[in-house]
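As a plain string of letters, each chain reads:
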Amino acid sequence: PTFLNNVVYKLLLPKIDLHNKKKNQQLMIQNLMICLFIGFPFSLSFYLFSNMYLSFLYNNALGSQYLKYIAFPFMVFYIQTPLQAYLQAHMKNKVLFIFSTIESLVSLALLIFCIPIFKETSLLISYLGSLILYTLCCFSYVFYDLFLNKK
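Report follows, based on the coordinates. (Residues numbered from 1 in each chain as written. Predicted model: local features only at pLDDT ≥ 70, side-chain atom pairs only at ≥ 80, totals over all residues. Heavy atoms only, no water.)

## Details of a nonpolar patch on the surface
To keep it simple, the criterion reads: The patches described consist of residues with a relative accessible area above 30% and no salt bridge, like charges being joined within 9 Å and nonpolar side chains (Val, Leu, Ile, Met, Phe, Trp, Tyr) within 5 Å. Throughout, the Shrake-Rupley method with a 1.4 Å probe supplies accessible areas, and for residues the shown protein chains are the sole cover considered. Any carboxyl oxygen of Asp or Glu that lies within 4 Å of a side-chain nitrogen of Lys or Arg is treated as forming a salt bridge with it. Elements are defined by DSSP. Helices are runs of H or I of four residues or more, strands are runs of E of two residues or more, and each kind is numbered from the N terminus.
Taken together, the side chains of Ile29, Met33, Phe139, Phe143, Tyr144, Phe147 and Leu148 present a nonpolar region at the surface, about 660 Å² in accessible area. No other element matches the five residues that helix H8 (residues 121–148) contributes to the nonpolar patch. You can see Phe139 is positioned in helix H8.

Okay, structure coming up:
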């Protein structure tokens, strides 16, 4: 599904108009829905057929329960594509860098604090926690810029 979201990214980036906020609002909503529409069937199939996927790929299904845990929360990852496209089109690479740094630090902190308690599940907690934080930061910045900022 990431490949399909990257196609959406490459189609969205040239359409973003730096001076037409209304068009950008419509594009953002449309592309967020497209990315969720692309990601949902994959998340559902990973949830329902996790044993089959892992058995096919790794000849072992030991991690299928973990795959089920992250299948639907991972849909947050799919909406990052249009958010990042918008921020890059508006030359907000510094903001993306700051968000990425925060994401990495939070991920590391979660690992340090969770490993003694949750063992290998700490990797899932760390990854999902930082993924959700990064996406929320990007979403809040884009939402503010598109819908709340009067400039």
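## Focus: the layout of surface pockets
The gaps of empty space that remain are located by a probe, the size of a water molecule, rolled over the atoms. What counts here: Here a cavity is any set of points on a 1 Å grid over the protein atoms alone where a 1.4 Å probe fits but cannot get out, and a pocket is any open set with protein on both sides within 12 Å along at least 5 of 7 lines; a residue lines the site when it has an atom within 4 Å of a point. Grid points are joined across faces, edges and corners, and a volume is the space filled by probe spheres set on the points. Note that Gly is not counted as nonpolar here; it falls among the polar residues with everything else outside the nonpolar set of Ala, Val, Leu, Ile, Met, Phe, Trp, Tyr, Cys and Pro and the charged set of Asp, Glu, Lys and Arg.
If you add up the space inside the largest pocket, you get close to 180 Å³. In this structure, the largest pocket is lined by Asp17, Leu18, His19, Asn20, Lys21, Asn24, Tyr86, His90, Asp145, Leu146, Asn149 and Lys151. Across the lining of the largest pocket, the residue classes break down as three nonpolar, five polar and four charged.

## Describing helix H7 (residues 93–118)
The condition that has to hold: Expected helix span is given by 1.5 Å per residue-to-residue step, counting one fewer step than there are residues. At any given residue, the bend is defined as the angle formed between two axes, one fitted to the seven residues that end at that position and one fitted to the seven that begin there. Exposure is judged per residue with a 1.4 Å probe applied to protein chains only, and the accessible area is read against the type maximum: over 50% gives exposed, under 20% gives buried, and values in between give partly exposed. Note on contacts: a residue pair qualifies if any of its non-hydrogen atoms lie within 4.5 Å across the two residues.
Taking 1.5 Å of rise per residue, the 26 residues of H7 would be expected to cover 38 Å, and the 35 Å separating its terminal C-alpha atoms lies within 8% of that figure. In the structure, H7 departs most strongly from a straight axis at Ile112, where the bend amounts to approximately 30° and where the proline Pro116 lies between one and four residues downstream. Restricting attention to buried positions, one finds in H7 the residues Val95, Leu96, Phe99, Glu103, Ser107 and Cys114. Tucked into the core, H7 has its buried residues touching helix H6 (80–89) and H8. Just downstream of H7 lies Lys119, where phi reads positive at about 55°.

## A few points about the nonpolar core
Put simply, the rule reads: For this analysis, a nonpolar core means a set of buried residues of the types Ala, Val, Leu, Ile, Met, Phe, Trp, Tyr and Cys, connected via side-chain atoms within 4.5 Å.
Residues Met28, Leu83, Tyr86, Leu87, Phe99, Cys138 and Val142 are the most contacted members of the largest nonpolar core, which totals 20 residues. Contributing elements (two or more residues each) for this core: helix H1 (2–12), helix H2 (21–48), H6, H7 and H8. Once residues lying within four places of it in the same chain are set aside, the contact partners of Leu83 are Met28, Leu32, Thr135, Cys138, Phe139 and Val142. Counting six residues, the second-largest nonpolar core is a separate cluster that includes Leu67, Ile70, Leu128 and Leu131.

## Section: the side chain of Ser43
Tracing the sequence through the fold places Ser43 in helix H2. According to the relative accessible area criterion, Ser43 is buried, its value standing at 1%. Apart from residues lying up to four places away in sequence, Ser43 is in contact with Ala71, Phe72, Met75 and Tyr78.

## Section: the packing of aromatic side chains
Put simply, the test is: Planes of paired rings set the category: under 30 degrees apart is stacked, over 60 is edge-to-face and the rest tilted, where pairs are Phe, Tyr or Trp rings (Trp by its six-membered ring) whose centres lie within 6.5 Å.
Scanning all chains against the criterion turns up eleven aromatic pairs. When the ring of Phe99 is compared with that of Tyr141, the centres are 6.2 Å apart and the planes differ by 75°; the resulting orientation is edge-to-face. Within this pair, whereas Phe99 is found in helix H7, its partner Tyr141 is found in helix H8, the two being separated by 42 residues in sequence. Judged by relative accessible area, Phe99 falls into the buried class, the value being 12%. Linked through ring pairs, Phe74, Phe77, Tyr78 and Tyr127 together constitute an aromatic cluster.

## Quick word on H6
Burial analysis of H6 places eight of its ten residues in the buried class, which makes it a mostly covered element. Among the residues of H6, Gln80, Thr81, Pro82, Leu83, Ala85, Tyr86, Leu87 and Ala89 are the ones counted as buried. In this fold, the buried residues of H6 make contact with H1, H2, helix H5 (75–78), H7 and H8. A positive backbone phi angle near 55° is found at Met91, which sits one or two residues after H6.

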